[in-house]
Every structure is written in structure tokens, then in C-alpha cells.
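# Analysis of the macromolecular model
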Amino acid sequence: MSKISKPTYDIVIIGSGLGGLITGLILSREGYKVCIIEKNAQIGGTLQTFFFNKSKFDTGVHYIGGLEPGQPLYPYFKYLGLMDELNLEKMEIDGFDLISFSNDANEYPIAQGYDNFKTQLLKFFPNEEKGLDEYISKIKEVCNSFSLYYINTNTSIEAEVEHFYKGAKDVINDCTQDKKLRAVLSANNLLYAGEGAKAPFYIHALIINSYIESSYRIIGGGSKISNALAKQIKALGGHILRNKEVVGLNRVNNKIESAELKNGELIKGKTFISNIHPTQTFNLMDTKGIRKSYLNRVLNLENTTSAFILYITLKPKSLKYEKVNKYHINSNDVWNLTNYKPEDWGKSFAIYYNQSPKDPEYAKSLIIITYMRVKEIKKWANTYNTTTDLSIRNKEYQDFKEEKSQLLLNEIEIKLPNIRNNMSAYNSSTPLTLRDYIGADGSLYGIKRDYNSPLKSYINTRTKIPNLLLTGQNIVMHGVLGVTIGAVVTCSELVGRDYLKDKIKSL
Ligand SMILES: Cc1cc2nc3c(=O)[nH]c(=O)nc-3n(C[C@H](O)[C@H](O)[C@H](O)COP(=O)(O)OP(=O)(O)OC[C@H]3O[C@@H](n4cnc5c(N)ncnc54)[C@H](O)[C@@H]3O)c2cc1C
């Protein structure tokens, strides 16, 4: 028997990912009565952290960029009260990302600060000053034409849209004829699951620029962000419901009247904001009367690929801590890594270090990420495993994970030769884990953007249902910066963009 909840909230938000929490906080500050509904025990979506073998691991935020005055994320995090709450560690200035290739002993640095970025790469590519200048100027041109990227920018939508049609691979290739430099500048495309045939340059530019401006690790992990936001929302009278899955959005007269929870409870609201994937959002409701062309587009969005992630704990003082991320490429085509052949699986990967609080010179644990297509785990697609709904998957699945872990360990021995001796334990996650703990189909970053037909994957925060808005990584862009800006775009629909922008700028 359904129960009707009292009161009716001004704003009901589905999902407590970063986008849901930021919209929740902004609107609570503006006096709206907010309720956020989260299916998991832990809030934060991809900001969640977990403990394994006494080490804390991030699920989805390893570093963030643009956090100094004058840089893109700073005014937003300051406005959100996060700058004083987070304990940040600045990554290696002369190379926060180190790029390596098989059969090449060099580690090519991507450094912080544009002059330094150029200086460090010129050590390896002394004849490429012109190429690097060209690359930097193209990145800056994009960043300066996106409104809300730098809060002080005044730019037109036409200036933004112009950039939607340029491919990352083409733009980078136009900057330099040096094949190795092209590969170095493209090698951290795991940051946006970039495929050469589709990845737009603006996504590359907006992300990479933020890290070149400044790169930081969050000490204690991404959950520090979600907890700091939740604390403020609650202090303002907002409600956050955990372990409550939304299974339906009830439409009455073309408006959403309530969110229906798995336990039958109804949460009524005036405005609904979905922080979950647009396809999933529309799958929750009766779509009668919604224009077919819109609906078909939203229900058939293509998503970015997924990943296999290895979580390794290390023996005390066994591996030096490095304030860097390592991207290793073992392929002739850095733009085709998502399309690996079975025999090449795991050969290209990223390594993220976690510091030991007790022995800061040493690493306590490592996270290794390599691509894995969702279809590789389709055999187990009908099984679910979350903290609220725990079912141990069969031995075949455990064997699959073990086999993949061993294959990946073989590959990372190239970069970390003693890793098998140094590690004390390991665990892994597959695309199914991402699907169960966050949502959608297990995709890394939600919708795949395609510069050939950019408007197909363009999702407006306003939907065809007047009191339903969307937020999260599918609106502007994925990542902490993209989702933060997306949340401001969503809230602007309710409180006015100039008003909100002025408030953020005034701090
Ligand atoms: C492996 C990985 C590494 C990453 N590394 C970085 C990084 O280093 N730096 C960076 O900036 N970004 C990184 N990202 C991207 C970044 O973490 C995400 O883009 C961002 O956190 C997504 O936020 P979101 O608001 O879209 O919500 P999501 O994180 O997608 O959260 C959605 C929430 O909705 C909940 N939910 C889903 N369905 C329901 C339902 N029916 N009812 C109730 N609740 C529901 C989910 O449980 C979840 O809590 C990474 C992502 C991944 C996967």
C-alpha cells in the first residue's frame, strides 16, 4: 500500500551524485525546501570511497584541476564552501601526469602552468616550440569561449557551438607533425574515454586546461566533497534519504507529481531534478504524449565505454609515493584504446597513487584503470551486487575477475617491476560494479560526445516535462568541474543565470 509523504517539497532530486548535491545546496541556500533521494547507503555517486584491507579507495575522483584563484573550479568551490573544507595536495608541478609508451624508456611530463608545460616538453621535443604554442593557443581559445567555464567570461552560445564540431585528434594532429608529441598530448584521453573518430576537442581542452592550470589530490578522497555538501544541505533544513531507490516518476497532466520509491512510498514535489542518466530518467515514467523524436534520441543515447579497475594495497614502505599519475600506452594508436583486441586487453592503463598517512614518503595503495567494454560482462548482467542488495556472483565471475587481475598485474610490472612482491592484497571492479553502484549501463562518464553529430548527444537541462530538469555529468560535461558547472546551469533555470553568476563571482 502506497503512503503519501508529507510535506510536498519544493525540489525533489533523484540521485546524490555531485550534480544532485550541488543543485541541492544551491537551491537550499535560495530558500527552497529540498529532498534528495539516493538508492545507495553512501551518498556521492562516483565520489564514493570504500575501505579494502584497511586502505581507503576512491571509486571515481583521482585528481581535480583549476582550483587556484582565476582558474575555473575555484570560484565555484569557494561559493560552495568547499575550499576551506577540503585538504588538498598539489601534484608534481613539473609533471602531474607522466606519459610512457612501450619500447620507450622516457616518461613524458604534462606539467602545471603553461610556461612550465612547454618548458618540460621542450626538453624532449626541442624543435616543437611552434607546435606546442599552437596547441596551447587552441586550448585557451576553447576555454575562453565557453560561458561559465571562467565565471567572468561573457561569450555567446554561437562561440561555444562552433567548437562542438572539431575533433580532438584532428586539432592535435594539426598542431604538430611529430608523431610522438601528438601521442603524448593525447595519451591521457582515458580522462574522457576519448576515441579518435568521435572525441570533440572542446572536451579535451576544457579538461586538460584545468589540470595544466593546477592539479590537486583530495586527501581523504572524493567523499570529502559529498560529505561537506551534505552537511550544509542538512544545516539548511534539506533532507537526504539514503537506501531509497526511485522506481517511478508519476506524471499527472504532463507534470511529475511524485517520485515513487521501491518501498512504495511517494515523495511529492513541485519541481523534480534528475541526477541520473537521462535514459534512465525517462525509463522511470509513462512517456505518453512526449514528442517521439525527443524521446527516441534520449532513449538511444550512446554511452562512453567502461573500465576494469584494480585496487592494490601495498606492504609498508615498499613503494615510494609519487605525486603523479602514470598513463602507459602499449599500442600504435593512442586514439583507439577503447577498441582493443582481446589479446591487447590491459596493455594500456593508468596508475593512481595513494599516500601512506603513516609513512608519507611511501604509497599505501594504488588504483589501476584499464578499459573494459560493458559487453564483456554481459553473461552476468542479470546479477546485482550493492551494499543494500548483496548477492555473491558465481565462481565463473570471480574467476573472470581473477584472470583479468593477473593479466593486468603482468602488464603493470613493466612500470612497477616489484609490484607482486610489494603488494599485500588486491581487489577489482568491473563494469558491473560501476553499473550497480552508480547507474546507467556501467559507462565511465555517461553520454559519449561525438563531434560529427554533436547535437545528437546534447542534453538540455530543461526537458519536455515542465517541472522536470536534468543535472549531472550528461548536461555540460563529466568530471568534477563539468558537473559543477552543469549544476549551476540547472539551478539557473530556477533562480536566473545572471543572479547566480553574480553571487558566485562576488566571493
Ligand atoms: C573510474 C572513474 C574515475 C574518474 N576520475 C575522475 C577524476 O579523477 N576527476 C574528475 O574530475 N572526475 C573523474 N571522474 C568523473 C566524475 O567522478 C563524474 O563525472 C561525476 O562524479 C558524476 O557526477 P554525477 O552528478 O553525474 O552523479 P553520479 O556520480 O553519476 O551519481 C548518480 C547518483 O544517482 C544515484 N541513483 C541512480 N539511480 C537511482 C535511483 N533510481 N534512485 C535513487 N538514486 C539513484 C546513484 O546511486 C548515484 O549516487 C571519474 C569517473 C569514474 C567512473
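Please read these numbers as outputs of a predicted model, since none were measured by experiment. (Residues numbered from 1 in each chain as written. Predicted model: local features only at pLDDT ≥ 70, side-chain atom pairs only at ≥ 80, totals over all residues.)

Before going further, it helps to examine the domain arrangement of the protein. Taken domain by domain, the protein comprises domain 1 (9-48 + 220-301 + 451-505), domain 2 (88-216) and domain 3 (305-443). Each of domain 2 and domain 3 has a C-alpha centre, and these two points are 25 Å apart. The interface is formed by 22 residues belonging to domain 2 together with 16 residues belonging to domain 3. Of all elements in the fold, only strand E7 (97-101) and helix H7 (179-186) reach the threshold of two or more residues within the side of domain 2 that touches domain 3. (Domains from an automatic or database assignment. Contact = placed C-beta atoms within 7 Å. Helix = DSSP H or I, 4+ residues; strand = E, 2+ residues; numbered from the N terminus.)

Here the focus is helix H1 (residues 18-29). Look at H1: 17 Å from first C-alpha to last across 12 residues, which is about the 16 Å you get at 1.5 Å a residue. With 11 of 12 residues buried, H1 lies mostly within the body of the structure. Among all positions of H1, only Leu18, Gly19, Gly20, Leu21, Ile22, Thr23, Gly24, Leu25, Ile26, Leu27 and Ser28 are buried. Buried-residue contacts for H1 involve strand E1 (9-14), strand E2 (34-37), helix H9 (223-235), strand E13 (266-274) and helix H15 (479-495). (Expected span 1.5 Å × (residues − 1). Buried ≥ 20, exposed ≤ 12 C-beta atoms within 10 Å, placed from the backbone.)

Once that is clear, we can look at the sheet that holds strand E5 (residues 64-65). Taken together, the 3 strands give an open sheet; going across it, the order is E5-E9-E6, and neighbouring strands pair in antiparallel fashion. The strands lining the two open edges of the sheet, one partner per strand, are E5 and strand E6 (88-90). One ladder, built from 2 bridges, connects E5 with strand E9 (residues 215-218); its direction is antiparallel. By the bridge assignment, Ile64 is partnered in E9 with Tyr216. (Pairing = 2+ DSSP bridges.)

With that settled, the discussion passes to the pairing of strand E11 (residues 246-252). Judged from the 6 bridges that link them, E11 and strand E12 (residues 255-261) form a sheet pairing that is antiparallel. Bridge pairing in E12 places Leu249 opposite Ala259. Linkage of E11 to E12, two consecutive antiparallel strands, is achieved through a turn of 2 residues, within which Asn253 is found at a positive phi near 50°.

Turning to the sheet that holds strand E17 (residues 363-372), a few remarks are in order. Read from one edge of the open sheet, 7 strands run E8-E7-E15-E16-E17-E14-E18, paired in mixed fashion. The open sheet has two edge strands with one neighbour each: strand E8 (104-110) and strand E18 (423-429). Neighbour-to-neighbour, the strand axes of the sheet open up by a mean angle of 20°, direction not taken into account. Bridge count between strand E14 (residues 306-314) and E17: 8 bridges; the pairing is antiparallel. In the strand pairing of E17, Ile312 is matched with Leu366. (Axes fitted to C-alpha atoms, helices over the stretch in contact; angles between N-to-C directions.)

Right, let's talk about unusual backbone geometry for a bit. Non-glycine residue Lys54 carries a positive phi angle of around 70°. Turning to its location among the elements, Lys54 is positioned in the loop between strand E3 (49-52) and strand E4 (55-58). Residue classification places Lys54 among the exposed positions, given that 10 C-beta atoms sit within 10 Å. A positive phi angle is found at Asn243, which is not glycine, with a value near 55°. Structurally, Asn243 is set in the loop between strand E10 (239-241) and E11. The exposure class assigned to Asn243 is partly exposed, which follows from the 17 C-beta atoms found within 10 Å.

Turning our attention to H15. The first and last C-alpha atoms of H15 sit 24 Å apart over 17 residues, in line with the 24 Å expected at 1.5 Å per residue. Among the 17 residues in H15, 13 count as buried, and that is most of the element. At the C-terminal side of H15, Gly496 shows a positive phi close to 100°.

In the vicinity of the ligand, 36 residues are found, and the nearest of them are Gly15, Gly17, Gly19, Gly45 and Gly472. For the shell around the ligand, the secondary structure elements donating two or more residues are H1 and H15. For the shell around the ligand, the residue count by class is 17 nonpolar, 16 polar and 3 charged. (Near = placed C-beta within 6 Å. Nonpolar A, V, L, I, M, F, W, Y, C, P; charged D, E, K, R; others polar.)

Quick look at the environment of Ile233 now. If you trace the backbone, Ile233 turns up in helix H9. A C-alpha to C-alpha distance of 6.4 Å links Ile233 and Ser28, two positions 205 residues apart in sequence. Among all residues touching Ile233, those that are not within four sequence positions of it are Leu21, Gly24, Leu25, Ser28, Val34, Gly238 and Ile240.

With that settled, the discussion passes to the pairing of strand E15 (residues 325-329). Burial analysis of E15 places 5 of its 5 residues in the buried class, which makes it a mostly covered element. A two-sided burial pattern is seen for E15, the buried positions comprising Asn325, Tyr327 and Ile329 on one face and Lys326 and His328 on the other. The sheet contact formed by E7 and E15 spans 5 bridges and is parallel. Following the sheet pairing, Phe101 is matched in E15 by Ile329. Relative to strand E16 (residues 349-355), E15 is paired through 4 bridges, and the arrangement is antiparallel. Along E16, the bridge assignment pairs Asn325 with Tyr352.

A few words on the packing of helix H4 (residues 129-145) against helix H8 (residues 201-213). To describe two helices that pack against each other, one gives the angle between their axes and the distance between the axes. Between H4 and H8, the least distance of the axes is 9 Å, while the angle of their chain directions is 95°. Judged by the inter-axis angle, H4 sits roughly perpendicular to H8. For the pair formed by H4 and H8, the contact residues are Ile139, Val142 and Cys143 on the first element and Phe201, Tyr202, Ala205, Leu206, Ile208 and Asn209 on the second. In terms of residue class, the contact of H4 with H8 is made up of 8 nonpolar, 1 polar and no charged. (Parallel < 35°, antiparallel > 145°, perpendicular 65-115°, else oblique.)

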